[in-house]
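Listed below are the residues making up each chain.
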Amino acid sequence: MKVPVVDADLCTGCGACVDVCANVFEMGENDIAVVKNPTGAGESDVEEAIDACPSEAISWSEK
Ligand code: SF4
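Residues numbered from 1 in each chain as written. Predicted model: local features only at pLDDT ≥ 70, side-chain atom pairs only at ≥ 80, totals over all residues. Heavy atoms only, no water.

Undergrad: If you had to explain the site of the ligand to someone new, which residues and values would you point to?
TA: The local shell around the ligand holds 13 residues, among which Cys11, Cys14, Gly15, Cys17 and Cys53 are the closest. Of the residues that constitute the shell around the ligand, the class distribution is 9 nonpolar, 4 polar and no charged. (Near = heavy atom within 4 Å. Nonpolar A, V, L, I, M, F, W, Y, C, P; charged D, E, K, R; others polar.)

Structure below.
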């Protein structure tokens, strides 16, 4: 199964992923985005968040 992951080292805390896809992403500690529910939205919505991330911090991972 394919799930989105956020690389905390790359995330700048801009919040774009949360704006685009709040069912999957939320801002966590230190203003770094975290995946709160990997299956909270469809693949295309997650792709939109990946495209919106200015630091390319979001990617897919096989679980
Ligand atoms: S869009 Fe990218 S840089 Fe911005 S908060 Fe989300 S993961 Fe972090």
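Undergrad: Tell me about the pattern of salt bridges, and please be specific about residues and values.
TA: What the rule picks out here adds up to 1 salt bridge. Close ionic contact of Lys2 with Glu43 constitutes a salt bridge, the shortest N to O distance being 3.4 Å. Placement of the pair is Lys2 in strand β1 (residues 2-6) and Glu43 in helix α2 (residues 43-52), with a sequence separation of 41 residues. (Salt bridge = Lys/Arg side-chain N within 4 Å of Asp/Glu carboxyl O. Helix = DSSP H or I, 4+ residues; strand = E, 2+ residues; numbered from the N terminus.)

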